[in-house]
Amino acid sequence: MYWMYHCMNSEQSISCLEAISERDSYSSYAEAIMTNFEPTEHQHTRYNPLNGQWILISPHRMRRPWSGQEEQPQRLDLPEFDPSNPLCPGVTRSNGSKNPIYTSTFVFTNDFPALLEDVPLPPESDDPLFQTGGARGTCRVMCFHPKSNKTLPVMTPKEIRNVIDAWIAEFKTLASKYTWVQIFENKGASMGCSNPHPHCQIWACSFFPNEPRVKDEKLREYYLTNGTALLDDYVRKEIVKKERVVIENSDWLVVVPFWASWPFETMIISRNGNRRISDLTLQQINNLAIVIKELTNKYDNLFKCSFPYSMGWHGAPTGELAGQDDKHWTLHAIYYPPLLRSATVRKFMVGFELLCQPQRDLTPEQAASRLRELCGKKHYSEHI
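K.L.:
Outline the pattern of salt bridges, supporting the account with residue identities and numerical values.
P.N.:
Inspection of the entire model under this criterion finds 20 salt bridges. Note that Glu238 and Arg244 form a salt bridge whose closest N and O atoms lie 2.8 Å from each other. The pair formed by Glu238 and Arg244 is uniform in burial state, with each residue classed as buried. Glu353 serves as the salt-bridge partner of Lys347, at 2.6 Å between the closest nitrogen and oxygen. For Lys347, a relative accessible area of 9% translates into the label buried. Residues joined in a network through salt bridges with shared partners are Arg46, Glu238, Glu243, Arg244 and Glu365.

Structure representation (structure tokens):
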């Protein structure tokens, strides 16, 4: 009884039973349930066309009391300079290298990288259950700003443009050699950031990692079927619907995706057909800096805290795959923020999420509405 299984609460169940008693037919029963469906009240699933997975949405769970773990909000009273912080200007790092007295961005090879360039390859195996593959690459750290108490929302648009310029420069250098170049930022201790200094990482690898590889397959399938890029079509439809749009300008659209799995997940999507971050024009870079500042301001202003997240850029693959047809790709950034109800209550991807499929409580439309209504021009700390 598929439809009976999807009656979510007592009121809905009563209306369903009344429908059965009055009409006594399966078709009428199903029609009654669909008529009474409210996406902000009733659980349902949504399909993510970028990875082929389904998301379970359970909005009624927002009413449950919380007695689980609570996070410590990131401090705002950090010093501008800490001589013990290995990312600060002029500090000597654990490997003996001394940072320059940098005044803008600063990039160096990670002292403890997950990927190295010169390593032996594992032997080939003819056993399908014990397969290995080569993994070569490099990992870099990029400091956004010389001051430890600066984060993107409190940086100026010019300072953010410097960050984007550095992303592009590193991408161009690494893309000529490696199949995938992943630019990503982990902000906040709750997202694994172990150093309170504004920075990101760039991992370049010789292989095509799982997430972008699956996304490449799905984007290609859509393009071959429809003759258009999936995310280009998605942008056009979201602009018309307006339900999940958070920010937009002539070059970029920020939305809470229809299929979002994290509470306040967003995507920044190019509106100009860009496929890689190296394609951006000066105007597009300037508008991206404005969008990043506004979005991260909204995040911080939501719960009046330095909002944690993991974010990263996805675009067409590089290296030996750069010569392949890539019309199916659209450049975009993804933000995965964990906070759910407050500065201290976060969403954990555990249990059902790990063993079955992602689940969220707040609907994407509700999350988008809350973010859209927030001020993105001014940081809440400026009112203190």
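K.L.:
Got a sec to walk through the packing of aromatic side chains? Specific residues and values, please.
P.N.:
Applying the stated rule across the entire model yields 16 aromatic pairs. Between Trp167 and Trp313, the ring centres sit 6.2 Å apart and the planes meet at 70°, which makes this aromatic pair edge-to-face. Placement of the pair is Trp167 in helix H4 (residues 157-175) and Trp313 in strand S10 (residues 309-314), with a sequence separation of 146 residues. Take Trp167: its relative accessible area is 2%, and that puts it in the buried class. A relative accessible area of 4% places Trp313 in the buried class. Relative to Tyr335, the ring of Tyr309 lies with its centre 5.1 Å away and its plane at 65°, an arrangement referred to as edge-to-face. Of the two residues, Tyr309 is situated in strand S10 and Tyr335 in strand S11 (residues 332-336); the sequence distance between them amounts to 26 residues. These aromatic residues form a ring-pair network of at least three members: Phe264, Tyr299, Phe303, Phe307, Tyr309 and Tyr335. A cation sits over an aromatic face here: Arg46 above Phe258, 4.3 Å from the ring centre.

K.L.:
Would you mind going over helix H6 (residues 230-241) in detail, with residue names and values included?
P.N.:
Structural remark: α-helix, 3.6 residues per turn; residues separated by three or four positions point the same way. An ideal rise of 1.5 Å per residue puts 16 Å on 12 residues; H6 measures up with 16 Å between its terminal C-alpha atoms. Within the span of H6, buried status applies to Leu230, Leu231, Asp233, Tyr234, Val235, Glu238 and Ile239. Positive backbone phi, approximately 70°, marks Lys242, located one or two places after H6.

K.L.:
For empty space enclosed by the protein, give the residues involved together with the corresponding values.
P.N.:
One pass over the structure, following the stated rule, counts 2 cavities of 30 Å³ or more. In this model, the largest cavity occupies a volume close to 90 Å³. Around the largest cavity, the lining residues are Phe171, Trp180, Val181, Ile183, Arg276, Ile277, Trp313, His314, Gly315, Ala316, Thr318 and Leu331. Counting only elements with at least two residues in the lining of the largest cavity, the list comes to strand S5 (180-187) and S10.

K.L.:
Can you explain the state of the cysteines? Please cite residues and give values.
P.N.:
In the structure shown here, the tally under the stated rule is 0 disulfides. Considering cysteine sulfurs only, Cys143 is the nearest to Cys88, which forms no disulfide, with 8.2 Å between them. For Cys88, a relative accessible area of 0% puts it in the buried group.

K.L.:
Tell me about the nonpolar core, and name the residues and values.
P.N.:
Within the largest apolar cluster, 52 residues are counted, with the highest numbers of intra-cluster contacts made by Ile164, Trp167, Ile268, Ile277, Ile292, Trp313 and Tyr335. Counting residues in each nonpolar core, the second largest holds 23 residues, with Leu115, Leu230, Ala316 and Leu321 among its members.

K.L.:
I'd like a rundown of unusual backbone geometry, residues and numbers included.
P.N.:
Notably, Lys242 is not glycine yet its phi reads approximately 70°, a positive angle. The partly exposed category is assigned to Lys242, whose relative accessible area is 40%.

K.L.:
I'd like a description of the pairing of strand S9 (residues 266-270), backed by residues and values.
P.N.:
Burial analysis of S9 places 5 of its 5 residues in the buried class, the great majority of the element. Residues Thr266, Ile268 and Ser270 point to one face of S9 and Met267 and Ile269 to the other, with burial holding for every one of them. Here strand S8 (residues 252-255) runs beside S9; their pairing, made up of 4 bridges, is antiparallel. By the bridge assignment for S9, Val254 is matched with Ile268.

Criteria and cut-off values
Residues numbered from 1 in each chain as written. Predicted model: local features only at pLDDT ≥ 70, side-chain atom pairs only at ≥ 80, totals over all residues. Heavy atoms only, no water. Salt bridge = Lys/Arg side-chain N within 4 Å of Asp/Glu carboxyl O. Buried < 20%, exposed > 50% of the residue type's maximum accessible area, 1.4 Å probe, protein only. Phe/Tyr/Trp six-rings, centres within 6.5 Å; stacked < 30°, edge-to-face > 60°. Helix = DSSP H or I, 4+ residues; strand = E, 2+ residues; numbered from the N terminus. Lys NZ or Arg CZ within 6 Å of the ring centre and 35° of its normal. Expected span 1.5 Å × (residues − 1). 1 Å grid on protein atoms, 1.4 Å probe; cavity = no way out; pocket = protein on both sides within 12 Å on 5 of 7 lines; lining within 4 Å. Points joined across faces, edges and corners; volume = space filled by probe spheres on them. Disulfide = S-S within 2.5 Å. Core = buried A, V, L, I, M, F, W, Y, C linked by side-chain atoms within 4.5 Å. Pairing = 2+ DSSP bridges.

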